[in-house]
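Structural description and commentary
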Amino acid sequence: MHKLLTTVLAALLLAVSPGSASAATHPVAAPADEDGYNLWLRYQPLAPPAQAKLKGQARSIVLTAAATPTTRAAVAELQRGVAGMGGGPAPAQATAIADGALVLGTTASLPALDAALKTELSRLGSEGYLLRATRLQGRPVTLIAANTDIGLLYGAFAWLRATAAGTAPVAASSPKLQLRLLNHWDNLDRHVERGYAGASIWDWWALPEITDSRYTDYARANASLGINGTVLNNVNSKPEVLTPAYIAKAAAVADVLRPYGIKVFLSARFSTPLELKETDTADPLSPAVQAWWKKKADEIYRTIPDFGGFLVKANSEGQPGPQDYHRSHADGANMLAAALAPHHGIVMWRAFVYAPEAGKETDRARQAYEEFKPLDGKFAANVMVQVKNGAIDFQPREPFHPLFGAMPNTPLMMEFQITKEYLGFSTDIAYLGTMFEEVLESDTMQGAGKGPTVAQIIEGAHTLGGQPAATGMAGVANIGVDRNWTGHHFDQANWYAFGRLAWNPQASARAIAIEWAAQTFGNDARVTTPVVDMLMLSREAVVDYMTPLGLHHMMGTAHHHGPAPWVNDLERPDWNPVYYHRAARDGIGFDRTASGTNALEQYAPALARLYADPRTTPEKYLLWFHHLPWTYAMPSGRTLWAEIIHHYDRGVAAARDLQTRWDALRGVVDARRHAEVAQRLRRQVQNAQLWRNACIAYFQSVSGLPLPDGVAPPPQPLEYYKGIHFPYAPGRG
Ligand code: BDP
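Treat the numbers as computed from the prediction; the structure is a model and nothing was measured.

1. Digging into the overall build of the protein
When helices and strands are counted, the protein shows 23 helices and 14 strands. The C-alpha radius of gyration of the protein comes to 27 Å, within 12% of the 27 Å expected for a compact globule of 733 residues. With the C-alpha coordinates aligned to their principal axes, the bounding extent of the protein is approximately 80 × 80 × 60 Å. Within the span of the protein, comprising 733 residues, buried residues form 60% of the whole. Long-range pairs, those at least 24 residues apart, make up 74% of the contacts in the protein between residues at least 6 apart in sequence. Surface exposure of the protein reaches about 27,500 Å², of which carbon and sulfur atoms provide 56%. Side chains of the protein give 66 positive and 67 negative charges; the mean places of these two sets differ by 5 Å.

What follows is the structure in structure tokens.
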């Protein structure tokens, strides 16, 4: 009690003493502190004119469709949003349509809908919606219409988003991809592989009896973006997840997520029946194994009737798979697919594989293509091949994966990594919207003329004659139990951008950033403009200070934090950074042209021709495809050596720039979030400097060249940087 009193008094004194530190850093007008838990669904009071408009549009809420868990969630969300943003009570739910009502209805429940709207609706499929200011029964209303309950929920979120962001509501929208999934790399003990936001939100121990209210908020956040599935457990999976106890736990999560249109999937370990000692092999052609999986699928669907299916990492990084029995990926995937098919489940079979034999000297960038391209057309109808965005491994920048466009008879799903394993964990700001966009808008040059782009490939327009059984995008989640979900407030933008791009892979990263910033920090240009500018420059900054000009895979061993370009002693050649940058006295870069590994031949001929010549290779991919002398003349007029250094310096300058821009927002953004981001930006600058100094020191030791005039030498000798270790870095695999 005494302690509390002293604290209160101290706070009062600080608040009234003019010129005190507190008064200087927390001006009276600063918005109230926020902890980030509400994500982009904050529903804070709008400015008075916007509030007046909102109230006029939502005097009451009328649900003409049947009350179901999903439509009830839509109404509840609208009430919550209108109350919050309107700064008043929630609008009541009414049965009669009155002036200014917000009406939710399906074609069936809105018999009076005019013919034009009906036709428009009929084109929106089972998840689309339309938003319209119109008249119903002669009354002016705001209409949210869809063909299904989930369409109504998506429409409600879209209307709330437009209201919060101050943008015109989209007239109509439907998703371009069918499966929009998060992949949690969460272990059953709640450790999140490559997770930087605390433990897993799935409390497997407490489930199924105990479900956290966070699961509902997780569902709301995902549904607001249109995410419609989630793989609950790590791709490095354990057999136990398919035992009855864990199926029951997954079912409890599925029950919470179902009203929000989110299906549960599980990562399946290929050797599960063998490891559970229920078969004596895991050979996919063994009748006993096939029967086991069929029985297992039946058992799962009895408990989770809308179970989505399995995600499988097989014969990759030590995971078991069909090749252990000299069977192909298609044999393995099709066996699981047969078990799921009667229940309409699917198999997402990952293409992230590289030669199992340690020491096999071949370009890792070639391997997925080599293994999968020959299998094109051999997968069952309910199999999708899930391909990482690039051919190595979620690096800060990679050219698009050559499999996109190379398997026209197989539905390919995109796999992005939202968690920033290689882009500064959750301490550095790196907006991935621009990275995802760069990949999606890449021209595969498969067509005679331009296109198709990667986005068009995954949308299925060029697959199976334009009739793929399924289309999809997966993102490795960056979510944990941290109060703000993602560790860094700005990392929420990456979850957000992933969801929006999964709905529409051709959407603009900048437009998404604007939407996110307005919802997350308030629709005030004093905040949104600088925040959007920060987002838009951030990923390029990270590329510059980590792996510029097409360099890649230079991070510390195992935990993948910080620079370690010197590492050359790991068991497999392709685990070593030196394998990838190939820096030597004569130059730097990986020759993937015909004179090298010719990984380039895996791309369409037009693109391969373009990239065969360093002069016509985009500078951002230069050292990905070419090994060039340090003295190579860059278009800027600098030598390659000077250009590399220029990028490192530019990256550090950009990290400082992020800091300056954020500092200017003190007092405009609430103090708590401002301080939390400011602390991380200080770390980001240090991280940028570390990368810059360590890489320059190392490359100089190899090139033997002097630093260009005016370049600051790394403050420490190379040995110092080599001696830095991060034994307890989070998120280990
Ligand atoms: C790598 C991660 C590892 C994952 C692997 C994968 O370091 O933890 O298991 O990807 O995607 O980037 O399977």
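2. Side note on the environment of glycine 166
Counting through the fold element by element, glycine 166 comes out in the loop between helix H6 (149-165) and strand S6 (172-173). Along the primary structure glycine 166 and asparagine 523 are separated by 357 residues, whereas in three dimensions their C-alpha atoms are 6.7 Å apart.

3. Let's talk about the domain arrangement of the protein
When the parts come together, some accessible area is lost, and that loss is often what is quoted as the size of the interface. Taken domain by domain, the protein holds domain 1 (2-173), domain 2 (179-521) and domain 3 (544-590 + 627-722). With centres defined by C-alpha atoms, the gap from domain 2 to domain 3 works out at 31 Å. With 30 residues of domain 2 in contact, the opposing surface of domain 3 contributes 31 residues. Buried surface at the junction of domain 2 and domain 3, both sides included, amounts to about 2,500 Å², of which 54% is carbon and sulfur. Applying the counting rule to domain 2 against domain 3 returns zero salt bridges. Across the contact surface, domain 2 and domain 3 share 14 residue pairs in polar contact (both at pLDDT 80 or more). Those elements that place two or more of their residues in the side of domain 2 that touches domain 3 are helix H12 (364-372) and helix H16 (509-521). For the side of domain 2 that touches domain 3, the class distribution of residues is 12 nonpolar, 11 polar and seven charged.

4. Focus on the site of the ligand
For the ligand, the set of nearby residues contains 14 residues, the closest of which are Glu193, Lys313, Arg350, Asp393 and Glu421. Between the ligand and glutamate 193, the relevant distance is 2.4 Å, taken from an oxygen atom to a side-chain nitrogen or oxygen of the residue. Contact distances for the ligand include 2.8 Å between an oxygen atom and a side-chain N or O atom of tyrosine 422. In isolation the ligand exposes 320 Å². Once the protein is present, 97% of that is buried. Residues of the shell around the ligand, tallied by class, amount to four nonpolar, two polar and eight charged.

5. Some remarks on the packing of helix H10 (residues 287-303) against helix H11 (residues 329-340)
Orientation of H10 relative to H11, taken along the N-to-C sense of each, is 40°, at an axis distance of 8 Å. By the angle between their directions, the pair H10 and H11 is classed as oblique. In this structure, H10 crosses over H11, and the sense of that crossing is right-handed. Between H10, through Val289, Gln290, Trp293, Lys294, Ala297 and Tyr301, and H11, the contact on the second element is made entirely by Met335, Leu336, Ala338, Ala339 and Leu340. Grouping the constituent residues of the contact of H10 with H11 by class yields nine nonpolar, one polar and one charged.

6. Describing the confidence of the model for the protein
Per-chain confidence: the protein averages 94 in pLDDT, with 95% of residues scoring 70 or above. Taken together, the stretch residues 1-28 has pLDDT below 50 and engages in six contacts with residues farther than four places along the chain or on a different chain.

7. Some points on the environment of proline 565
Looking at where proline 565 falls in the secondary structure, it is placed in the loop between helix H17 (525-546) and helix H18 (577-581). With relative accessibility at 0%, the residue proline 565 sits in the buried group. Taking the C-alpha atoms as reference, proline 565 lies 53 Å from leucine 131; in sequence the two are 434 residues apart. Those residues in contact with proline 565 that lie beyond four places of it in its chain are Met554, Pro577, Val578, His581, Cys695, Tyr698 and Phe699.

8. As for the sheet that holds strand S7 (residues 179-183)
The strand order around the closed barrel formed by eight strands is S7-S8-S9-S10-S11-S12-S13-S14, and the pairing between neighbours is parallel. Each strand axis lies, on average, 25° off the axis of its neighbour in the sheet, ignoring direction. Where strand S12 (residues 383-388) and strand S13 (residues 412-417) come together, four bridges link them in parallel fashion. Paired with valine 385 across the bridge in S13 is leucine 412.

9. Considering the sheet that holds S6
Judged by pairing direction, the sheet is mixed, and its six strands sit side by side in the order S2-S1-S3-S5-S4-S6 without closing on themselves. The sheet is open, and its two edges are formed by strand S2 (92-94) and S6, each paired on a single side. One ladder, built from four bridges, connects strand S1 (residues 60-63) with strand S3 (residues 101-106); its direction is parallel. Note that in S3 the partner of valine 62 across the bridge is valine 103. Along the sheet face, helix H5 (residues 115-122) touches strand S4 (129-136), strand S5 (139-146) and S6 and points at about 170° away from the line of S4.

10. Points about the packing of aromatic side chains
Here the structure, examined in full by the defined rule, presents 36 aromatic pairs. A connected cluster of aromatic rings, assembled from ring pairs, spans Tyr37, Trp40, Trp202, Tyr215, Tyr218, Trp485, Trp495 and Tyr496. Residue placement shows lysine 249 over the ring face of tyrosine 246; its charged tip is 5.4 Å from the ring centre. If you follow arginine 364 out to its NZ or CZ, it ends over the ring of tyrosine 354, 3.9 Å from the centre.

11. A few points about the nonpolar core
Core analysis: the biggest nonpolar cluster contains 222 residues, and Trp662 and Phe699 have the highest contact counts within it. Among the nonpolar cores identified, the runner-up in size contains 14 residues, and Ala101, Val103, Leu121 and Val141 belong to it.

12. Section: helix H8 (residues 244-257)
The end-to-end C-alpha distance of H8 is 20 Å, a good match for the 20 Å that 14 residues give at a rise of 1.5 Å each. Counting buried positions along H8 gives 10 out of 14 residues, so the element sits mostly inside the fold. The inward-facing, buried residues of H8 abut helix H7 (214-225), strand S8 (229-231), strand S9 (263-267) and H10.

13. So, the packing of H7 against H8
Orientation of H7 relative to H8, taken along the N-to-C sense of each, is 55°, at an axis distance of 9 Å. Viewed along their axes, H7 and H8 adopt a mutual orientation that is oblique. For the pair H7 and H8, the crossing hand works out as right-handed. Contacts between H7 and H8 involve Tyr215, Thr216, Tyr218 and Ala219 from the former and Val253, Val256 and Leu257 from the latter. For the contact of H7 with H8, the residue count by class is six nonpolar, one polar and no charged.

Reading guide: rules and limits
- Along each chain, residues carry numbers from 1 onward, in the same order as the chain's sequence is written.
- Restriction of local features to residues with pLDDT of at least 70 applies here, the model being predicted, together with a cutoff of 80 or more for giving and counting side-chain atom pairs; totals for whole chains, interfaces and linings are based on all residues.
- The basis for every side-chain value is the complete set of non-hydrogen atoms in the structure, without hydrogens or water.
- Helix and strand labels come from DSSP, where a helix needs a run of H or I of at least four residues and a strand needs a run of E of at least two; each type is numbered from the N terminus.
- Throughout, radius of gyration means the C-alpha value; the globule benchmark is 2.2 Å times the number of residues raised to the power 0.38.
- Residue burial is assigned from relative accessible area. The probe radius is 1.4 Å, only protein chains are included, and a residue is buried under 20% of its type maximum, exposed over 50%, and partly exposed in between.
- The contact definition used throughout considers only heavy atoms, calling two residues in contact when any of these lie within 4.5 Å.
- Method for areas: the Shrake-Rupley scheme with a 1.4 Å probe, in which residue coverage is limited to the protein chains shown.
- Within this scheme the basic residues Lys and Arg register as positive and the acidic residues Asp and Glu register as negative, but His and the chain ends are omitted.
- To locate a charge, take atom NZ for lysine, CZ for arginine, CG for aspartate or CD for glutamate.
- Domain delimitation in this document rests on an assignment produced automatically or drawn from a domain database.
- Values labelled buried area give the accessible surface lost by two parts on being combined, using a 1.4 Å probe and summing over both.
- Note on definitions: salt bridges are taken to be side-chain nitrogens of Lys or Arg within 4 Å of carboxyl oxygens of Asp or Glu.
- Each polar contact in these results corresponds to two N or O atoms within 3.5 Å; when the atoms are within protein, one needs to be able to donate a hydrogen and the other to accept it, and residues that are neighboring in sequence are counted only if both atoms are side-chain atoms.
- Gly is put with the polar residues, along with every residue not named as nonpolar or charged; the nonpolar set is Ala, Val, Leu, Ile, Met, Phe, Trp, Tyr, Cys and Pro, and the charged set is Asp, Glu, Lys and Arg.
- Nearness is judged by heavy atoms alone; a residue qualifies as near a molecule or strand once a single heavy atom is within 4 Å of it.
- To obtain an axis, a line is fitted to C-alpha atoms, over the contacting stretch when the element is a helix, and the angle between two such axes runs from 0 to 180 degrees between their N-to-C directions.
- For classification purposes, angles smaller than 35 degrees are called roughly parallel, those larger than 145 roughly antiparallel, those between 65 and 115 roughly perpendicular, and all remaining angles oblique.
- In this scheme, a crossing is called left-handed if the near helix is turned counterclockwise away from the far one by less than a right angle; it is called right-handed if the turn is clockwise.
- A residue's pLDDT is the predictor's confidence in that residue, given on a scale from 0 to 100.
- In this scheme, strands are said to pair when DSSP sees at least two bridges between them.
- We call Phe, Tyr and Trp rings a pair once their centres come within 6.5 Å, taking the six-membered ring for Trp, and we label the pair stacked below 30 degrees between planes, edge-to-face above 60, and tilted otherwise.
- Lysine NZ or arginine CZ positioned within 6 Å of the ring centre and within 35 degrees of the ring normal marks a charge as sitting over the ring.
- To form a nonpolar core, buried Ala, Val, Leu, Ile, Met, Phe, Trp, Tyr and Cys residues must be joined to one another through side-chain atoms within 4.5 Å.
- Here, expected helix span is obtained from the residue count minus one, scaled by 1.5 Å.

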